[in-house]
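# Fold and contact review
Residues per chain, in single letters:
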Amino acid sequence: MPCPSSCPPGLLALMAPGLALIATFSLPSQAGDRRALPVEKPPGVKGRTLILLDVNTKSPVRIISENFLSLQLDPSIIHDGWLDFLSSRRLVTLARGLAPAFLRFAGKRTDFLQFHNVKNPAKSRGGPGPDYYLKNYEDARSLDKLYNFADCSGLHLIFALNALRRNPNNSWNSSNALSLLKYSASKKYNISWELGNEPNNYRTLMGRSVNGSQLGKDYTQLRSLLQLIRTYSRAHLYGPSIGRPRKNVIAFLEGFMKVAGGTVDAVTWQHYYIDGRVAKVTDFLKTRLLDTLSDQIRKIQKVVNTYTPGKKIWLEGVGMTSAGGMNNLSDSYAAGFLWLNTLGLLASQGIDVVVRHSFLDHGHNHLVDQNFNPLPDYWLSLLYKRLIGPKVLAIHVAGLQRKPRPGRVIRDKLRIYAHCTSYHNHNYVRGSITLYIINLHRSRKKIKLAGTLRDKIVHQYLLQPYGKDGLHSKSVQLNGQPLAMVDDGTLPELKPRPLRAGRTLVIPPLTMSFYVVKNVNALACRYR
């Protein structure tokens, strides 16, 4: 099946501007560390904070996947009509901008979908009308459209199979999955696989539960199926895609890891920060909310390292809010604070991949709206892909400040991460470093680059809301210029603002920004 005209052949094999290794280190120097930074105040120093910043350029503290920032499509979009809209040239252009990445096809409807190798299941089966089948069946044509979209966009497809087809003894009934696998193999589709979505919630969804040990056996069964099909004998398998790691979910994960820890290529879980039905814009500015992810990471890592030390861990299905999000909140500029901090925190903690739910039109957590217009988090993700490489660097910070008021710690609201600049960005020579900074303060902050970064030329990429809606805005500006697609096949040029060597960085209030420090010749960043 041909790609839209803007998609060159074989694009899947190319590596588009990629994720920079997040040399990440938030101003909270360690997750959970609440001690104030040791500061010496020279005589006569007055005024607001001046932060001195340096980066360890000798070696990275983490190396994450080139596909670190990845995407999810929810199967609920199937009811919009056979997935034909995925052939849109505009949509392919937007997706290609975020390559290389995984494209995970999964969500709540995963465990209700059935595959039928026919072109029109409603006509072939009779009975309920076509809308029923479009909502509950993944037919061959839809799978073709989905794979072609991923291929043209330079994304690697991960397909989650229905895990709720059960035999009387509660074991997994793999007959329908086998039909899908055989069809995909006949088309030589390069796909990785999962089984189910948030299996710890099956009792709520269907009144039927599957425990961790049983799901582990099901994954072992799926691995055996894959090995019987030559095309997928070495395919990657990910799971169990559990929900938030509360006590019962941790028990579920332990049961799964005992049985199938060695079967999966990465262990996956999901996270949503806020109940979307009650969210307010001020919620996105709360430092306690930004830090909730740290505890989850520790819980997941503890279980995984107990059973399979060193196994890769992914955060799948991450969204700013649950319940589909809220209009003018989870799809606004304000939601970007959570999203960018999530990227920084996960990379600094060694989480290999994060999958954003959703790329397109699922509630109000998406990157692209139903009219194929990019939202603020899309532009934030595009900047991240263009500037950030997979090597994460440690930063060193010191501040000169007045005595803080009780209960207020400056580093909580100013978060700084550092990476080697993306090797795919040919505007910068190898050895350059990219900082990204979140300022949650309602006042500007000043940062002076020190040590290896002193007196270097810096390129600024300052992302701010555009228009009168402020933090609620669905449009953004880069260095004062509004961002918009040039046409359906062209993304805008992301132009930096050069700053003279040695200039103090001035971070405006309630903003997100990237700074490329050029020609540092960082040893950690010279080689891939």
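Just so it is clear, the model here is predicted, and its values are computed rather than measured. (Residues numbered from 1 in each chain as written. Predicted model: local features only at pLDDT ≥ 70, side-chain atom pairs only at ≥ 80, totals over all residues. Heavy atoms only, no water.)

### Some words on the overall build of the protein
Worth spelling out the cut-off: Labels follow the DSSP assignment, with helices taken as runs of H or I lasting at least four residues and strands as runs of E lasting at least two, numbered in each case from the N terminus. Relative accessibility decides the category of a residue: with a 1.4 Å probe and only protein chains considered, values under 20% of the type maximum give buried, values over 50% give exposed, and everything between is partly exposed. In what follows, a contact means two residues having at least one pair of non-hydrogen atoms within 4.5 Å. Exposure was quantified through the Shrake-Rupley algorithm and a 1.4 Å probe, taking into account, for residues, occlusion by the shown protein chains and nothing else.
Along the protein, the regular secondary structure elements total 13 helices and 24 strands. The proportion of buried residues among the 528 residues of the protein is 60%. Taking all contacts inside the protein whose residues are at least 6 apart in sequence as the whole, residues at least 24 apart take part in 83%. With an accessible surface of roughly 21500 Å², the protein has 49% of that area assigned to carbon and sulfur atoms.

### Topic: the environment of Leu-226
Looking at the secondary structure, you find Leu-226 in helix α7 (residues 212-228). Taking the C-alpha atoms as reference points, Leu-226 and Leu-178, 48 residues apart in sequence, are found 8.9 Å from one another. Residue contacts for Leu-226: discarding those within four places in its chain leaves Leu-181, Trp-193, Tyr-232 and Ser-233.

### Remarks on unusual backbone geometry
A cis geometry characterises the amide bond from Gly-239 onward to Pro-240, with omega recorded as 10°. When you line up the elements, Pro-240 lands in strand β9 (residues 238-242). A positive phi is found at Phe-372, a non-glycine position, where the angle reads about 65°. Within the secondary structure, Phe-372 sits in the loop between β13 (353-357) and α12 (376-387). When its relative accessible area of 16% is taken as the criterion, Phe-372 is described as buried.

### Looking at the packing of helix α4 (residues 140-153) against helix α5 (residues 175-186)
The criterion, for reference: Fitted lines through C-alpha atoms give the axes, limited to the stretch in contact for helices. The angle between two N-to-C directions lies from 0 to 180 degrees. Here the word oblique covers every angle except those under 35 degrees (roughly parallel), over 145 (roughly antiparallel) and from 65 to 115 (roughly perpendicular). Left-handed describes a crossing whose near helix is turned anticlockwise from the far helix through less than a right angle; right-handed describes the clockwise counterpart. Charged means Asp, Glu, Lys or Arg here, nonpolar means Ala, Val, Leu, Ile, Met, Phe, Trp, Tyr, Cys or Pro, and polar covers whatever is left, Gly included.
Packing of α4 against α5 brings their axes to within 12 Å, and their N-to-C directions diverge by 55°. For the element pair α4 / α5, the angle class is oblique. Note that α4 runs across α5; the crossing there is right-handed. Contacts from Ala-140, Leu-143 and Asp-144 in α4 reach Leu-180, Tyr-183 and Ser-184 in α5. Partitioned by chemical class, the residues of the contact of α4 with α5 number four nonpolar, one polar and one charged.

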